[in-house]
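Breakdown of the fold
Each chain, written out:
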Amino acid sequence: MVREPIYTLRVIWACMKKDIKSALTERAFTIISTLVPLNILILLSLFVIGGGYAPTAVVMEDTGPYAQQFYHAMSTAHSFVLQKVSAPQASSLMQSGRIVAVVTIPADFDARIRQNQPVQVGVEINNLNTDFTNDIRRAVPLSITSFYAKAFPHLVTVVPVEHDFYQQDTDYIPYLTVSILVIGMVLGGVLLSGTAAAREWEHETMKELLLSPASRWSMVVGKMLGAFVISCASLVIVLAVLIFLIGVWPVHWGEVIAFSVLTMTIFIAFGTLLGTLLKNRQPVAALAFGVSIPLFFLSGAFGPISFTTVPLQVLAQIFPIYYAIVLQQHAFHNFTLNTYGLGGNILVLCAYALALIILAAIVLRRSTTAH
Amino acid sequence: MKAAAPAIEMIDLCKNFGSLRAVDHLSLTVRQGEIFGLLGPNGSGKTTTINMVSGLSAPTSGQVRVMGYDVQRQARQVRQILGTVPQETALYEELTAWTNMDFHADLFGIPRREKRERITRLLELVQLLDRKDSRVGTFSGGMKRRLALARALLHDPQLIYLDEPTLGVDVQARRAIWDYILALREQGKTVLITTNYLEEAQALCERLAIIDHGKLIAVDTPDHLKQIYGGSVIELDSERPINALAEIRALPGVTDVEQEGTHLKITSQGVSNIVPQIINIITQEGELRDIAVREPNLDEIFLRLTGAELRD
């Protein structure tokens with residue numbers, strides 16, 4: 001028998017190598033698991049892109065400077081995807097359900113504005129979706145205010161004076177995609193490590209591990225490292241898409257790497273625990289999705305959780321995804337979403353990681369192949 | 001390893017699963033260097049017993065010692081000297097034979113400088129060296145069993161446990177596996193076998209323990225078991241089915257009479273002059289065509305002791 005520390009390292013290395021080799025033989029499953037986070041990133045980004053702006057047709061019956069200025073006010077309202085069309089085209093688009101609203105700028109728009117007469121801007125709404133309908137109802141008056149503020153600044157005397165808390169604005173997509181990166185790590189980690197652990201029971205190879213003199217924790221660490229290596233591949237793919245395709249650059253690269261390692265460690269340990277408990281890959285996969293997605297929505301993925309209700313805030317803070325999102329948002333956008341500071345959030349995640357690794361080792365120690 | 005200690009010592013071993021007592025005050029000793037068979041119908045407590053021996057399951061009460069080591073307190077030492085061939089082989093089928101062996105070598109801390117040589121030697125022994133780079137999933141049942149055996153021997157264990165070592169393998173592979181097992185005894189290893197094949201137990205084991213409902217029913221050499229529990233079996237073929245079965249059953253020493261058509265099987269215990277009396281009864285009804293007197297086989301002893309077929 002080789003000396004203890006070297007032996008332990010050898011077991012960790014052997015378990016890691018073996019799990020990677022096993023995963024590589026199940027290529028389809030591994031590729032799917034690796035691409036799941038990317039899939040979610042694309043899916044939710046499409047959801048945001050598709051759902052954020054209401055497709056709206058604008059019929060420009062007047063093309064005068066005020067009409068153009070009004071159109072410009074609408075285009076900067078962050079609520080519409082505008083297209084200039086003729087009245088029959090607008091009608092056809094509305095009939096076919098491809099637009100939410102038709103805004104008609106009347107032929108006498110400029111003339112009436114100049115004469116200081118009331119103007120009626122026609123707004124025809126396809127009100128089958130309240131969310132979009134309300135967007136239109138809010139955005140059209142906003143566009144009118146903005147139009148007046150620009151065209152007749154002397155008439156609009158009440159103006160906001162904005163003082164920004166942060167130096168730069170963070171758009172919805174950059175905010176959300178960072179949260180998606182976290183859920184990708186969560187899902188990928190749980191799925192890859194959970195199925196690797198469950199596979200040992202399903203294929204009845206756990207006996208080989210349990211009957212060896214190696215310590216249970218060294219096996220757990222080895223298996224976790226195997227899942228970690230594959231999860232890293234998944235992370236690199238998602239990061240590449242996030243940075244090079246979506247254009248969300250991190251402010252602190254070191255933090256991205258460190259917080260990703262910490263987040264993956266937690267959820268890989270959780271997956272190992274889940275796989276050891278359930279001993280079957282199918283429920284592990286189902287639970288990986290079933291647990292991760294609701295927690296994602298709960299943990300401030302779409303906006304700071306502090307903007308929501310107190311019960312939701314309390315609930316969110318029970319789960320590590322919340323702290324992982326807080327830390328990654330800091331790494332990418334340099335803002336902190338809670339008052340715990342970076343150290344506090346890191347400490348909570350480290351505690352989770354340690355607790356889950358210990359728990360996974362205990363569960364494995366208590367596991368027997370018979371009962 | 002403690003030289004003078006028995007290979008396995010079970011002392012008043014009990015295991016409960018809720019209200020079910022799977023192992024019931026089992027005391028048993030396996031000597032170093034012997035091939036020992038553990039027999040019992042399905043659900044008799046064999047696997048639970050073995051799990052307690054290998055440290056996979058904790059006894060509710062009692063004690064198990066392997067080569068003098070307490071399995072509960074010195075599990076690591078026990079695992080180091082125990083080689084196991086589980087029924088399901090526990091091989092990584094998606095990996096190659098070599099990778100399986102290599103992984104086992106790392107788990108058991110076999111020195112790197114010896115690893116390659118040991119793996120090569122054992123794969124050669126089980127005639128799988130030419131398939132070392134093939135995935136185990138492509139192997140036949142017999143090849144998997146041989147590989148599992150080679151893997152169990154890789155860390156040079158003193159006690160080898162084989163669970164149904166020839167289950168589902170063909171006759172040729174079975175003979176090869178038997179030869180490997182018998183060779184282990186020559187090397188001074190202790191072998192513990194659980195099997196449902198009594199022929200196998202008879203061919204390999206120096207001593208057998210029969211357990212049922214978690215209790216030890218009998219433990220002895222196969223021959224001695226036959227002598228103690230077996231008596232004689234008389235098999236006859238007559239011209240027509242015999243009507244005087246009650247008369248035969250009433251003979252002193254007759255313990256069982258079974259009739260199938262014109263074939264009659266009589267089991268007797270301890271009476272040597274019973275055969276002429278049986279012949280006399282049968283020839284009164286018709287012609288006796290064939291008669292054979294033999295020792296009972298282990299199946300029959302097992303049936304008598306446990307009241308159940310071994311392959312329940």
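Each value, and the rule that gives it
- Residues numbered from 1 in each chain as written.
- Chains lettered and ligands numbered in written order.
- Predicted model: local features only at pLDDT ≥ 70, side-chain atom pairs only at ≥ 80, totals over all residues.
- Helix = DSSP H or I, 4+ residues; strand = E, 2+ residues; numbered from the N terminus.
- Rg over C-alpha atoms; globule rule 2.2 N^0.38 Å.
- Buried ≥ 20, exposed ≤ 12 C-beta atoms within 10 Å, placed from the backbone.
- Contact = placed C-beta atoms within 7 Å.
- Domains from an automatic or database assignment.
- Nonpolar A, V, L, I, M, F, W, Y, C, P; charged D, E, K, R; others polar.
- Expected span 1.5 Å × (residues − 1).
- Core = buried A, V, L, I, M, F, W, Y, C linked by C-beta atoms within 7 Å.
- Axes fitted to C-alpha atoms, helices over the stretch in contact; angles between N-to-C directions.
- Parallel < 35°, antiparallel > 145°, perpendicular 65-115°, else oblique.
- Left-handed = near helix turned anticlockwise from the far one by under 90°.
- Pairing = 2+ DSSP bridges.
- pLDDT = per-residue confidence, 0-100.
- Right-handed = clockwise from strand over helix to strand, strands pointing away.

Of regular secondary structure, chain A possesses 14 helices and 4 strands. Relative to a compact globule of 371 residues, whose C-alpha radius of gyration would be 21 Å, chain A shows 27 Å and is clearly more extended. Along the longest, intermediate and shortest principal axes, the C-alpha atoms of chain A span 100 × 45 × 35 Å. Among the 371 residues that make up chain A, the fraction classed as buried is 41%. Restricting to contacts in chain A with at least 6 residues of sequence separation, those with at least 24 account for 82%.

Let's shift gears to the domain arrangement of chain B. According to the domain assignment, chain B consists of domain 1 (8-226) and domain 2 (232-294). On a C-alpha basis, the centroid separation for the pair domain 1 of chain B and domain 2 of chain B is 42 Å.

As a further point, take unusual backbone geometry. All names here are of chain B. Of note, Glu164 is a non-glycine position whose phi angle comes to about 45°, a positive value. Phi is positive for His213, which is not a glycine, with a value near 50°. You can see His213 is positioned in the loop between strand 9 (207-212) and strand 10 (215-220).

This next bit is on the interface of chain A and chain B. Between chain A and chain B, the residue contacts involve 25 residues of the former and 26 residues of the latter. Those elements that place two or more of their residues in the side of chain A that touches chain B are helix 1 (4-25) and helix 8 (206-210) of chain A. The element that contributes the greatest number of residues to the side of chain A that touches chain B is helix 1 of chain A, accounting for 8 residues. Each residue belonging to the side of chain A that touches chain B can be placed in one class, and the counts come to 10 nonpolar, 8 polar and 7 charged.

On to helix 13 (residues 320-333) of chain A. With 14 residues, helix 13 of chain A ought to run about 20 Å at 1.5 Å a step, and its terminal C-alpha atoms sit 20 Å apart, in line with that. For helix 13 of chain A, the tally of buried residues reaches 14 of 14 residues, placing the bulk of the element in the interior.

Counting residues in hydrophobic clusters, the biggest one holds 150 residues, and the most contacted among them are Ile266, Ala269 and Leu356 of chain A together with Val66, Ala150, Leu154 and Leu192 of chain B. In terms of residues, this core owes the most to one element, helix 7 (residues 172-202) of chain A, which gives 16 residues. Once residues within four sequence positions are removed from consideration, Ile266 of chain A is found in contact with Pro320, Leu349, Tyr352, Ala353 and Leu356 of chain A. Val58, Phe70, Ala101 and Ile125 of chain A belong to the second largest nonpolar core, which has 23 residues in total.

Domain boundaries in chain A define domain 1 (4-47 + 171-366) and domain 2 (54-151). The distance between the C-alpha centroids of domain 1 of chain A and domain 2 of chain A comes to 46 Å.

We now examine the packing of helix 1 of chain A against helix 9 (residues 216-245) of chain A. Working note: a packed helix pair is described by the angle between its axes plus the distance between those axes. Residues and elements named next belong to chain A. Close contact between helix 1 and helix 9 brings their axes to 7 Å; oriented N to C, the two are set at 40°. Here helix 9 runs oblique to helix 1, going by the angle between their axes. Judged by the twist between their axes, the crossing of helix 1 over helix 9 is right-handed. Of helix 9, the residues touching helix 1 (which contributes Thr8, Val11, Ile12, Trp13, Ala14, Cys15, Met16, Asp19, Ile20 and Ala23) are Ser218, Met219, Val221, Gly222, Lys223, Leu225, Gly226, Ala227, Val229 and Ile230. In the contact of helix 1 with helix 9, the residues fall into 14 nonpolar, 4 polar and 2 charged.

Here we come to the packing of helix 1 of chain A against helix 3 (residues 97-107) of chain B. Look at helix 1 of chain A against helix 3 of chain B: their axes get within 8 Å of each other, and the N-to-C directions meet at 155°. Taken together, the axes of helix 1 of chain A and helix 3 of chain B lie roughly antiparallel to each other. Considering only the axes of helix 1 of chain A and helix 3 of chain B, their crossing is left-handed. Contact with helix 1 of chain A, carried on its side by Arg10, Val11, Ala14, Lys18 and Lys21 of chain A, involves Thr99, Phe103, Asp106 and Leu107 of chain B of helix 3 of chain B and no other residues of that element.

This part takes up helix 1 (residues 46-53) of chain B. Residues and elements named next belong to chain B. For helix 1, the buried fraction is high: 8 of the 8 residues fall into the buried class. Among the residues of helix 1, those classed as buried are Lys46, Thr47, Thr48, Thr49, Ile50, Asn51, Met52 and Val53. Directly after helix 1, the chain includes Gly55, whose backbone phi takes a positive value near 85°.

This part covers the pairing of strand 2 (residues 20-30) of chain B. All names here are of chain B. Sheet topology note: the strand 1 (residues 8-17)/strand 2 ladder contains 7 bridges and is antiparallel. Looking at the pairing, Phe17 lines up with Leu20 of strand 2. Here strand 1 hands over to strand 2 after 2 residues, with Gly18 in that stretch at a positive phi of 65°.

In this section: the confidence of the model for chain B. Residue and element names in this part refer to chain B. Of all residues in chain B, 95% attain a pLDDT of 70 or more, and the chain-wide mean is 86. Here helix 11 (residues 298-306) stands out as the element of chain B with the lowest mean pLDDT, 73, in contrast to helix 3, whose mean of 96 is the highest. Two numbers describe this predicted complex: its pTM, 0.76, and its ipTM, 0.77.

Read across the open sheet, the 4 strands follow the order 2-1-4-5 (chain B); overall the sheet is antiparallel. Of all strands in the sheet, those with a lone pairing partner are strand 2 and strand 5 (69-70) of chain B, marking the two edges.

Turning to the pairing of strand 8 (residues 190-194) of chain B, a few remarks are in order. Side-chain positions along a regular strand alternate between the two faces of the sheet. All names here are of chain B. Burial runs high along strand 8: 5 of the 5 residues are buried. Burial along strand 8 is two-sided: the residues Thr190, Leu192 and Thr194 and Val191 and Ile193 are all buried. Where strand 3 (residues 35-39) lies against strand 8, 4 bridges are found, and the strand directions are parallel. Note on strand 8: the bridge partner recorded for Phe36 is Leu192. Following the backbone out of strand 7 (residues 159-163), through helix 6 (residues 171-186) and into the adjacent parallel strand 8, one traces a crossover that is right-handed.

This next bit is on the environment of Thr336 of chain A. All names here are of chain A. Mapped onto the elements of the fold, Thr336 is located in the loop between helix 13 and helix 14 (341-366). The sequence separation of Thr336 and Trp249 amounts to 87 residues, and the corresponding C-alpha distance is 17 Å. When residues no more than four places from it in sequence are discounted, the contact partners of Thr336 are Val326, His330 and Gly341.

What follows concerns the sheet that holds strand 7 of chain B. Residue and element names in this part refer to chain B. The strand order 6-7-8-3-9-10 describes an open sheet built from 6 strands, whose pairing is mixed. Two strands close off the open sheet at either side, each with one partner strand: strand 6 (82-85) and strand 10. Across the sheet, the mean angle from the axis of one strand to that of its neighbour is 15°, orientation sign disregarded. One ladder, built from 4 bridges, connects strand 6 with strand 7; its direction is parallel. Opposite Gly83, over in strand 7, you have Ile160 as the bridge partner. Lying over the sheet, helix 5 (residues 141-153) contacts strand 6 and strand 7, oriented at roughly 170° with respect to strand 6.

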